[in-house]
Amino acid sequence: MIKEDTLKKVLYIDLSKKKFWIEERDDLFSQFIGGTGVAIKLLHENCKYDTDPLSSDNPIIISIGPLNGLFPIASKTVALFKSPHTGNLGESHAGGRSAIAIRMAGYGAIVIKGKSERPCYIAIHGDRVYFKDATTLWGLEEGVSAASLIRRQESGAGLRTIMRIGPAGEKMITYACVTLETYRHFGRLGLGAVFGSKNLKAVVVSGKRDLKVNDFKGYKECYSNLLKQLAESDKMKKYHELGTPANVMPLSFSKGIPMKNLTISELEGLENISGESFAEKHLGRRVACSHCPVACIHLGALRKPYEDEPYFYRTVYLSYDYELIYALGTMLGVASPEGVLRLIEVVEDMGLDAISTGVVLAWSTEAFEKGLINEKMTEGVIPQWGDVDAYSQLINKIVFSEGEFFKDLGKGIDYASSKYGGKEFALTYGKNEMPGYHTGYGAHIGYLFGARHSHLDSAGYAIDKEAMIKSFDEEQFAEKIITEEYWRQILSSLVICFFGREIYTPQIILQCLKLTGFDLDEKRLTEIGKEIYAEKYRFKIKCGFDVDNIELPQRIFELPSGTGKLNKDFAEKIIGKLKEKIKSLL
Ligand code: SF4
């Protein structure tokens, strides 16, 4: 048990009325633990299913769980909303200092409703909530400048998080992100656009509470054991040393990393953007989310000359990982680390989701090559594989141009390809752009059925890795995908970073939960995971998502994957099994 625990307090904020209030929601936290479990219930309660995602009625739910602030690598925060990108469930996870700041401020969840008349930001300092004018911060070209101004104005450095949007969020690009602590993001599905639609530039949270456990001896033992495992595990060492970019070369050998919109399997110079090459030549330093001993966040140094002073440089630090190297590197035929870092910088400045942006640019390049779009529509910029300057200009235009084509690109490629053609090479799943794994059935069908259409839903690439040495039938594939997704609902309700998933076994989780006042067993834990997944699907379906009307992109069947050429009939069989499983849940 935690003494005087405030986890069950939900802070409600109404931006329209500039009011806030707190409710004790023991009912939700006792049943659904925290994080994504509590957030999906709050989303059902606070969001009308037919609401326009960019209207004032779309709530933002931010939540944490019982392990945050107490156990190592339990460092994440969950955000749920109705996604302007897909029109149904929006879910993003982010680290930084957010989870600890919210816990120390005294809340388990924050619900933001309504719309401010003028640009504003919310500052939550413990039990005080301030609505601050952000008119002068709105329209700044680089999101980071707004962050540094807010940093100077607000107290609470250290245990403080600043979640803010850039120009893309203000312009309501449907895949705009929210950036935290410069290097972390609520990346996918357009939370940035929802902030923008509310005239909400940022949310600052800080707190000074303490967390005191009743059973200190038990807590210390459990904590030390976890810390030891995290410090000694080879996998964690890999995340620390090279980070997820360690996967670039292995995935390229097996043809599992998508290149040039999945048209080729080999890219000249790929070794230059491998994890090893980035670490040797560009790694500036590593940083960590609060309360994480792993420190997997790799910052690459980009030296930039001043335009009018040829021998003067400034160094910019940019966080890179596997997904960014895929989306802004291999997917665009960019094989130079400087090129990847330059594109990361533009995406960061704009405040966009890097994965969606890269896939949008890749689709545009192929659509241009095929004559579906022309130079007039792209306002004179020619998208070409490997052309970093052209891609930088296009990213700027997606955010700032008033041209019809760029406005359409700002809604993602499901929308753009419906209007301009090229559906067969539009790499989207349930309207969300493809993550960086062309490894086999597990990955692609995992994206299609994942509640948020992300590689993080069920890590299908790991199932494909198993399938390299063992063959699975359709039932086994479907069962593995859905079982992993059930379990991840528990991890994201606690809220543990998925990188720690092998250390946090069900037994360890039950032990941690007991120390925080939850008396559960493994069976109940599995049932809760299943119920959360079902609640997410109920939300999606009520918003119009049709499980009978989703399909895999045709392109994935044309180029061999990490586990060979994919067979459409077999993929359909797995899809059939998953549909049955989902329908039986509802
Ligand atoms: S492993 Fe990386 S992403 Fe996960 S909590 Fe630690 S620093 Fe953050």
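Remember, it's a predicted structure, so these values are computed and weren't measured experimentally. (Residues numbered from 1 in each chain as written. Predicted model: local features only at pLDDT ≥ 70, side-chain atom pairs only at ≥ 80, totals over all residues.)

This brings us to the domain arrangement of the chain. Segmenting the chain into domains produces domain 1 (2-213), domain 2 (239-410) and domain 3 (432-585). Facing the 27 residues of domain 1 at the interface are 22 residues of domain 2. The leading source of residues in the side of domain 1 that touches domain 2 is helix 5 (residues 167-170), at three residues. Of the residues assigned to the side of domain 1 that touches domain 2, the class counts are 11 nonpolar, 11 polar and five charged. (Domains from an automatic or database assignment. Contact = placed C-beta atoms within 7 Å. Helix = DSSP H or I, 4+ residues; strand = E, 2+ residues; numbered from the N terminus. Nonpolar A, V, L, I, M, F, W, Y, C, P; charged D, E, K, R; others polar.)

In this section: the pairing of strand 5 (residues 77-82). The side chains of a regular strand alternate between both faces of the sheet. Most of strand 5 sits out of view: six of its six residues are buried. Judged by which residues are buried, strand 5 turns out to be covered on both faces: Thr77, Ala79 and Phe81 on one side and Val78, Leu80 and Lys82 on the other are all buried. Note that strand 4 (residues 60-63) and strand 5 share three bridges and pair antiparallel. In the sheet register, Ile62 faces strand 5, and the bridge partner there is Ala79. Between strand 5 and strand 6 (residues 89-94), which pair antiparallel one after the other, the connecting turn spans six residues, and Gly87 there sits at a positive phi close to 80 degrees. (Buried ≥ 20, exposed ≤ 12 C-beta atoms within 10 Å, placed from the backbone. Pairing = 2+ DSSP bridges.)

All right, on to the environment of Lys397 then. Tracing the chain through its elements places Lys397 in helix 14 (residues 388-400). Residue Lys397 is classed as partly exposed on the basis of its C-beta count, with 19 C-beta atoms lying within 10 Å. Distance in space between the C-alpha atoms of Lys397 and Leu409 is 9.6 Å, their sequence separation being 12 residues. With residues near it in sequence (within four places) discarded, Lys397 still touches Glu379, Val381 and Phe406.

Strand pairing within a sheet occurs via backbone hydrogen bonds; the two strands may be parallel or antiparallel. Pairing within the open sheet is antiparallel, and its three strands lie in the order 15-16-17. The sheet is open, and its two borders are formed by strand 15 (283-287) and strand 17 (309-320), each paired with just one other strand. For this sheet the average axis-to-axis angle between neighbouring strands, irrespective of direction, equals 30 degrees. On top of the sheet, helix 12 (residues 337-350) reaches strand 16 (297-306) and strand 17; it is set at about 75 degrees to strand 17, its chief contact. (Axes fitted to C-alpha atoms, helices over the stretch in contact; angles between N-to-C directions.)

Let us look at the packing of helix 17 (residues 441-449) against helix 23 (residues 568-585). Interaxial distance between helix 17 and helix 23 falls to 11 Å at its minimum, and their mutual angle equals 40 degrees. One finds that helix 17 runs oblique with respect to helix 23. Crossing geometry of helix 17 relative to helix 23 is assigned as right-handed. Together, Tyr441, Ile445 and Phe449 of helix 17 and Ala571, Ile574, Ile575 and Leu578 of helix 23 make up the contact between the two elements. (Parallel < 35°, antiparallel > 145°, perpendicular 65-115°, else oblique. Left-handed = near helix turned anticlockwise from the far one by under 90°.)

What follows is about the site of the ligand. Around the ligand there are 13 residues in total, and Ser75, Cys289, Cys292, Cys296 and Cys497 lie nearest to it. Per-class residue counts for the shell around the ligand are 11 nonpolar, two polar and no charged. When we break the shell around the ligand down by domain, the ones giving at least three residues each are domain 1 (2-213) and domain 2 (239-410). (Near = placed C-beta within 6 Å.)

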